[in-house]
Amino acid sequence: MSFNQNSVKVELKDNYYEVIVRKGILKDCGQLISQLNVGKKCALISDSNVAPLYASQVTESLKKNEIDTELIEVEAGEASKSLESVENICRKMIKAGHDRHAFVIALGGGVIGDLAGLVSSVFYRGIPLIQIPTTIVSQVDSAVGGKTGVNTPEGKNLIGSFYHPRLVITDTLTLGSLPDREFNEGFAEVIKHAAIRDESMFEKIMNIDGRENLDELIIQNVKIKARIVEEDEKELSGLRALLNYGHTIGHAIEAAGGYGKYLHGEAISLGLIAANKISSETSHLSDSENRVIINALKKFNLPTKLEDSISNEDLLNVMRSDKKFKNGKIRFVVLNKLGEAELSEDVTEHDINSAINFIRK
Ligand code: NAD
Ligand code: GLY
């Protein structure tokens, strides 16, 4: 089977992997995975919404290729991205007889990808990982690039690792079963990519009609992420940090809301609007450019106003413990213009407080 059609290669310093994007590819996943020679025993990690829909297709395809599967299911939702889940999954794998010769498949959205990714990086000090993303967020962003992680009450993704998958298998047919709210939230990350890297994508975003023809847009987004990850794999030069546009305040909203009030993309929508405000005040983003981003967020019914139950102090406290203000300032991604972002060292706690007030109006 060819890896070249509809696929993006992520070239790292020492190795590479493919992200294959194709409708209906799930039923062939066993053949693709067996070509990698990663073993004959796998832990298929999924959640309570995704497993009933897609786990049997994956298991049957693996079985045809003589790979045994142990399905491990966690409760759907951000609350499952915890160290407790990592321990539970690892213990289930040990009880099922898995050892260093096993491998992990993450079947689900970003929650499962980040959680199963961390499991595979620590189980027997690291076993191979295959990502099968089933949401927009995971297909355009989280399944690519090797960031794994779990949350604590102090902040998002504070415990994690860099651990790349050996292969990403993206079946865009799976997007058909996403509830509307979960489908829409994914576009916050697409809009982020357009904002930081590719202004021309906004026209495509505004022309999206339905879920049928998203392969090209997903590939375009994977390419944006892959090229950034290739240049700054471990987020050392500042380039990869640009992918965090809207995430400093967005992650604080998720944590302060107890990882349940807002979906990830909804919190990022608010984070993007707050970051736009800071970009207009401290950099060169114009009102008309700001409107392009807000109109795109509105097209997907993403929130533009923060609920009153989360206070400025709650959000600032998360940012103080997570991101660390130094001398009242924080490293923050700002937009110079659509398609061009940079890291600023000059954003103050006062700027962030004003931006939070702005998203309440
Ligand atoms: P998610 O994994 O919680 O999925 C959203 C919901 O959709 C869940 O209820 C899930 O059960 C359900 N679902 C998933 N696929 C489905 C399908 N095909 N049909 C029906 N239901 C389906 O959330 P998400 O938005 O995919 O991911 C958010 C997470 O990703 C956050 O934890 C975020 O921090 C993380 N993330 C990580 C990175 C990274 O680089 N590692 C990047 C972006 C986001
Ligand atoms: N989602 C941000 C990153 O992968 O760096």
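Refer to the preceding data block for the structure.
Keep in mind the model is a prediction, meaning the values are calculated, not measured.

A closer look at the overall build of the protein
Move 1: Scanning the protein from terminus to terminus reveals 14 helices and 11 strands.
Move 2: For 361 residues, the compact-globule formula gives about 21 Å, and the C-alpha radius of gyration of the protein, at 20 Å, lands near that figure.
Move 3: The principal-axis extent of the C-alpha atoms belonging to the protein is close to 60 × 40 × 40 Å.
Move 4: When the 361 residues of the protein are sorted by exposure, 58% land in the buried category.
Move 5: Counting contacts in the protein only where the partners sit at least 6 residues apart, residues at least 24 apart contribute 77% of the total.
Move 6: When the accessible surface of the protein is summed, it comes to about 15400 Å², and 45% of that surface belongs to carbon and sulfur atoms.
Move 7: The protein carries 43 positive and 51 negative side-chain charges, and their two centres are separated by 2 Å.

A look at a nonpolar patch on the surface
Move 1: Taken together, the side chains of L83, L158 and I159 make up a nonpolar region of the molecular surface, amounting to roughly 230 Å² of accessible area.
Move 2: Assignment of secondary structure puts L83 in helix α3 (residues 83–95).
Move 3: Residue L83 is classed as partly exposed on the basis of its relative accessible area, which comes to 46%.

Concerning the nonpolar core
Move 1: I191, I253 and I352 are the most contacted members of the largest nonpolar core, which has 78 residues in total.
Move 2: When residues no more than four places from it in sequence are discounted, the contact partners of I191 are F202, I205, L272, I293, A296, L297 and F300.
Move 3: Core analysis: the next-biggest nonpolar cluster, separate from the first, contains 24 residues, V38, Y54, I67 and L107 among them.

Remarks on the site of ligand 2
Move 1: By nearness alone, every residue bordering ligand 2 is listed as D141, K147, K225, E235, R240, L243 and N244.
Move 2: In this structure, an oxygen atom belonging to ligand 2 sits 2.9 Å away from a side-chain N or O atom of K147.
Move 3: In the model, an oxygen atom of ligand 2 is placed 2.7 Å from a nitrogen or oxygen of the K225 side chain.
Move 4: Surface burial for ligand 2 is 88%, taken as the share of its 200 Å² of free accessible area covered by protein chains.
Move 5: Partitioning the shell around ligand 2 into residue classes produces one nonpolar, one polar and five charged.

Some words on the site of ligand 1
Move 1: As a matter of local geometry, ligand 1 sits amid 29 residues, with D47, T135, K156, S177 and E185 nearest to it.
Move 2: At a separation of 2.7 Å, an oxygen atom of ligand 1 approaches a polar side-chain atom of D47.
Move 3: One of the side-chain N or O atoms of E185 is found 2.7 Å from an oxygen atom in ligand 1.
Move 4: Taking 870 Å² as the accessible area of ligand 1 by itself, protein coverage stands at 92%.
Move 5: Tallied by class, the residues present in the shell around ligand 1 amount to eight nonpolar, 10 polar and 11 charged.

A short note on the side chain of R240
Move 1: Its place among the elements puts R240 in the loop between α9 (215–231) and α10 (247–256).
Move 2: E235 provides the closest opposite charge to the buried, salt-bridge-free R240, at an N-O distance of 4.5 Å.
Move 3: Side-chain polar atoms of R240 contact the backbone oxygen of G145, separated by 3.0 Å.
Move 4: For R240, the side chain forms a polar contact with the main-chain oxygen of E233, separated by 2.9 Å.
Move 5: The contacts of R240, once residues within four sequence positions are left out, are G145, K147, F162, K225, I228, V229, D232, E233 and E235.

Thoughts on the side chain of S80
Move 1: Considering the arrangement of structural elements, one finds S80 in the loop between β4 (68–74) and α3.
Move 2: By relative accessible area, which is 8% here, S80 ends up buried.
Move 3: Among the polar contacts listed, one links the side chain of S80 to the backbone oxygen of E75, at a separation of 2.6 Å.

Quick notes on the sheet that holds strand β3 (residues 41–47)
Move 1: With mixed pairing, seven strands are arranged side by side in an open sheet as β1-β2-β9-β6-β5-β3-β4. The two strands at the open ends of the sheet, each matched to only one other strand, are β1 (7–11) and β4. When the angles between neighbouring strand axes are averaged without regard to direction, this sheet yields 15 degrees.
Move 2: By the bridge criterion, five bridges tie strand β5 (residues 103–108) to strand β6 (residues 129–133) in an arrangement that is parallel. Note that in β6 the partner of A106 across the bridge is Q131.
Move 3: Contacting β1 and β2 (16–21), α9 runs over the sheet at an angle of about 5 degrees to β1.

Some words on the pairing of β1
Move 1: Bridge count for β1 against β2 is five bridges, and the pairing is antiparallel. Within β2, the residue paired with E11 across the bridge is Y16.
Move 2: In sequence, β1 turns back onto β2 through a hairpin of four residues.

Conventions adopted
Residues numbered from 1 in each chain as written. Chains lettered and ligands numbered in written order. Predicted model: local features only at pLDDT ≥ 70, side-chain atom pairs only at ≥ 80, totals over all residues. Heavy atoms only, no water. Helix = DSSP H or I, 4+ residues; strand = E, 2+ residues; numbered from the N terminus. Rg over C-alpha atoms; globule rule 2.2 N^0.38 Å. Buried < 20%, exposed > 50% of the residue type's maximum accessible area, 1.4 Å probe, protein only. Contact = heavy atoms within 4.5 Å. Areas by Shrake-Rupley, 256 points an atom, 1.4 Å probe, with all protein chains shown as cover. Lys, Arg positive; Asp, Glu negative; His and termini not counted. Charge placed at Lys NZ, Arg CZ, Asp CG, Glu CD. Patch = residues over 30% accessible without salt bridge, like charges linked within 9 Å, V, L, I, M, F, W, Y side chains within 5 Å. Salt bridge = Lys/Arg side-chain N within 4 Å of Asp/Glu carboxyl O. Core = buried A, V, L, I, M, F, W, Y, C linked by side-chain atoms within 4.5 Å. Near = heavy atom within 4 Å. Polar contact = N/O pair within 3.5 Å; in protein donor to acceptor, adjacent residues only side chain to side chain. Nonpolar A, V, L, I, M, F, W, Y, C, P; charged D, E, K, R; others polar. Pairing = 2+ DSSP bridges. Axes fitted to C-alpha atoms, helices over the stretch in contact; angles between N-to-C directions.

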